[in-house]
Structure formats: structure tokens, C-alpha cells
Amino acid sequence: MSQRYGRFITVEGGEGAGKSINLDYIRSLIEAAGHPVLFTREPGGTPLGEEVRELLLGHRHTGMADDAELLLMFAARAEHIARCIRPALERGQWVLCDRFTDATYAYQGGGRGLSEARIATLEQWVQGGLRPDLTLLLDLPVEIGLSRAGVRSEPDRFEREQAAFFQRVREAYLRIAEAHPARVTVIDAAPGLERVQAQIDRAMHGFLSG
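What counts, and at which threshold
Residues numbered from 1 in each chain as written. Predicted model: local features only at pLDDT ≥ 70, side-chain atom pairs only at ≥ 80, totals over all residues. Heavy atoms only, no water. UniProt positions renumbered as here; feature names shortened; annotations may be inferred. Helix = DSSP H or I, 4+ residues; strand = E, 2+ residues; numbered from the N terminus. Rg over C-alpha atoms; globule rule 2.2 N^0.38 Å. Buried < 20%, exposed > 50% of the residue type's maximum accessible area, 1.4 Å probe, protein only. Contact = heavy atoms within 4.5 Å. Disulfide = S-S within 2.5 Å. Axes fitted to C-alpha atoms, helices over the stretch in contact; angles between N-to-C directions. Parallel < 35°, antiparallel > 145°, perpendicular 65-115°, else oblique. Left-handed = near helix turned anticlockwise from the far one by under 90°. Salt bridge = Lys/Arg side-chain N within 4 Å of Asp/Glu carboxyl O. Pairing = 2+ DSSP bridges.

Under the annotation held in an unreviewed UniProt entry, the protein chain carries the name Thymidylate kinase and is attributed to Candidatus Sedimenticola endophacoides. A UniProt comment under Catalytic activity (unreviewed entry) is attached to the protein chain, and it reads "dTMP + ATP = dTDP + ADP". Under the Sequence similarities (unreviewed entry) heading, UniProt states for the protein chain: "Belongs to the thymidylate kinase family."

K.L.:
I keep staring at the overall build of the protein chain and nothing clicks. Help me out?
P.N.:
Within the protein chain, the regular secondary structure consists of 8 helices and 5 strands. Order of helices (α) and strands (β) in the protein chain, N terminus to C terminus: β-α-β-α-α-β-α-α-β-α-α-β-α. Against the compact-globule benchmark of 17 Å for 210 residues, the protein chain has a radius of gyration of 16 Å, which places it among compact chains. Counting only C-alpha atoms and orienting by the principal axes, one finds that the protein chain spans roughly 45 × 40 × 30 Å. Relative to its full complement of 210 residues, the protein chain shows a buried share of 48%. For the protein chain, restricting intrachain contacts to residue pairs at least 6 apart in sequence, the fraction spanning at least 24 positions comes to 81%.

K.L.:
I would appreciate a short explanation of the state of the cysteines in the present structure.
P.N.:
Between two cysteines, a covalent bond joining their sulfur atoms is known as a disulfide. Taken as a whole, this structure holds 0 disulfides when the rule is applied. There is no disulfide at Cys97, and the cysteine sulfur nearest it, in Cys84, is 7.8 Å away.

K.L.:
Quick question: what am I supposed to make of the packing of helix 3 (residues 66–90) against helix 5 (residues 116–127) here?
P.N.:
When two helices pack together, their arrangement is given by the angle between the helix axes and by the axis-to-axis distance. Between helix 3 and helix 5, whose axes approach to 10 Å, the crossing angle comes to 25 degrees. Compared by their axis directions, helix 3 and helix 5 come out roughly parallel. Considering how the two elements wind past one another, helix 3 and helix 5 form a crossing that is right-handed. For the pair helix 3 and helix 5, contact is made by Asp67, Leu70, Leu71, Phe74, Arg77, Ala78, Ile81 and Arg86 and by Arg118, Ile119, Leu122, Glu123, Val126 and Gln127, respectively.

K.L.:
What's the story with the pattern of salt bridges in this structure? I'm lost.
P.N.:
In this structure the tally under the stated criterion is 13 salt bridges. Residue Glu79 is joined to Arg83 by a salt bridge in which the shortest nitrogen-to-oxygen separation is 3.5 Å. One end of the pair, Glu79, and the other, Arg83, are both in helix 3, 4 residues apart, so they sit about a helical turn from each other. Under the relative-accessibility criterion, Glu79 is labelled partly exposed at 22%.

K.L.:
Mind showing me how you'd approach the sheet that holds strand 4 (residues 134–139) here?
P.N.:
Within a sheet, each strand pairs with its neighbour through backbone hydrogen bonds, oriented either parallel or antiparallel. Sheet architecture is open: 5 strands sit in the order 2-3-1-4-5, paired in parallel fashion. Strand pairing shows two members of the sheet lacking a second neighbour, strand 2 (37–41) and strand 5 (184–188), which therefore form its edges. If you compare each strand with its neighbour and ignore which way they point, the axes differ by 20 degrees on average. Pairing geometry for strand 1 (residues 8–13) and strand 3 (residues 94–98), over 4 bridges, is parallel. When the sheet's bridge partners are listed, Val11 is paired in strand 3 with Asp98.

K.L.:
Teacher, can you tell me more about the UniProt feature "binding site: ATP" (unreviewed entry) in the protein chain here?
P.N.:
The UniProt entry lists Gly13, Gly14, Glu15, Gly16, Ala17, Gly18, Lys19 and Ser20 under the feature "binding site: ATP" (unreviewed entry), expressed in the numbering used here. Looking at the element boundaries, Gly13 is found in strand 1. Exposure remark for Gly13: the relative accessible area of 0% places this residue in the buried category. Excluding residues that lie within four positions of it along the chain, Gly13 makes contacts with Lys19, Arg99, Tyr107, Leu137, Leu138 and Tyr173. Here Gly16 lies in the loop between strand 1 and helix 1 (19–32). On the accessibility criterion, Gly16 (8% relative accessible area) is buried.

K.L.:
Would you mind going over the packing of helix 2 (residues 47–57) against helix 3 with me for this structure?
P.N.:
One can describe the packing of helix 2 onto helix 3 by two numbers: an axis separation of 9 Å at closest approach and a directional angle of 160 degrees. Between helix 2 and helix 3, the angle is such that the two are roughly antiparallel. For the element pair helix 2 and helix 3, the recorded crossing hand is left-handed. In this structure, helix 2 contributes Leu48, Gly49, Val52 and Leu56 to the contact, and helix 3 contributes Glu69, Leu72, Met73, Ala76 and Glu79.

Okay, structure coming up:
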């Protein structure tokens, strides 16, 4: 791999955490700092990845085996890295991604109960040394997040899970943040948007000026 000039930022969070509006805000901060930025998402980001996203989030395969779900996530990620993320970083773009591998540890590991060791094996195989430079974790209590998410569009296959599932997801995310404090910044997503974005400003200021 050639020398990387771009930076890789991911945004994570459970249901109703406000990722969409805050991703737009983070993108504006990066652009205002003069950095070219590619915005993308997981699962998805490529034509193949978007087709896999439909399989994963749609309701045609509601009885999907947990291992099949995990493997589809990493299949989409392998394509995403090869066709989108790595080339962008190598040509000097910053990459802002809506979810990445932390989501797999949270949803398939925490939520589904799959082995973290198995996920780590796939992570190393698919990503090699590629890891985000910064992750912003939008965190809030599950009941608040589900209440917010309930006023949005028709729920996808994951959004139909029970509260206990999302509690396990949240706990897994917080364990990741505790284990990787230099990379993961926890943003309290429960207050109003202005207070949430003030926290994002502080996290991004140090990163953009570093």
C-alpha cells in the first residue's frame, strides 16, 4: 500500500442517535478546514455493497443465520475498502463513513452474541492494517433512541429487534470506546442538537488541527 495522505473518520451509534444530521455537520467541518472528503456508508458504499445492504436490512430474509449476516457484512466491507475507501485515502481524500467495523462488533458481536475472536479474524483478513483514525460514537440510552427512531420511516430488519438487543449493542459500543480511548470519542447524543454539535466541535477541532 502506498503512503496514505487522507484521514479516515467513522461515526457510530445505536438507533435514534442522530447520525444522519450529524454526519452532514461533520462533513461541513472537514470541508471548511479545506480537506477534500468522500462521504460513504456501511453496509454499502459500492454498487455491490448497496445490493448486500438490501439483503441485510430488507425483510425478504428475516430468518437469516447470524453467521450469514456476519459474512455478508464483511463481504460488503471487502468491496467497500478495495473500491472506495482505500483508493480515496491514497489519493489524499479524507473519508467520512457512516458505520464501519465497530458496528459489526456491536450488532453482530454484542447484539447477536457472535464471538469477538471470529469477528477479529475477519477484520484482519479483510482490512489488514486499515483502521479509522477517529471514531465519534453517538451514545444515548436505548429507550430514548428507540423513541426517536419510532417517528421515522418503516423500520428495517435490525430496527425491529427488541430493546434488549439494542441494550447489548450499546454496551458493546461502550466497551469499544473504553478499550480504544485514543481513537473513539463518546458524544452524549441525548441532549438537543446544539449541545451535541458543541461536543462534536471540540472533538473535531483537536483532530482537524492536529
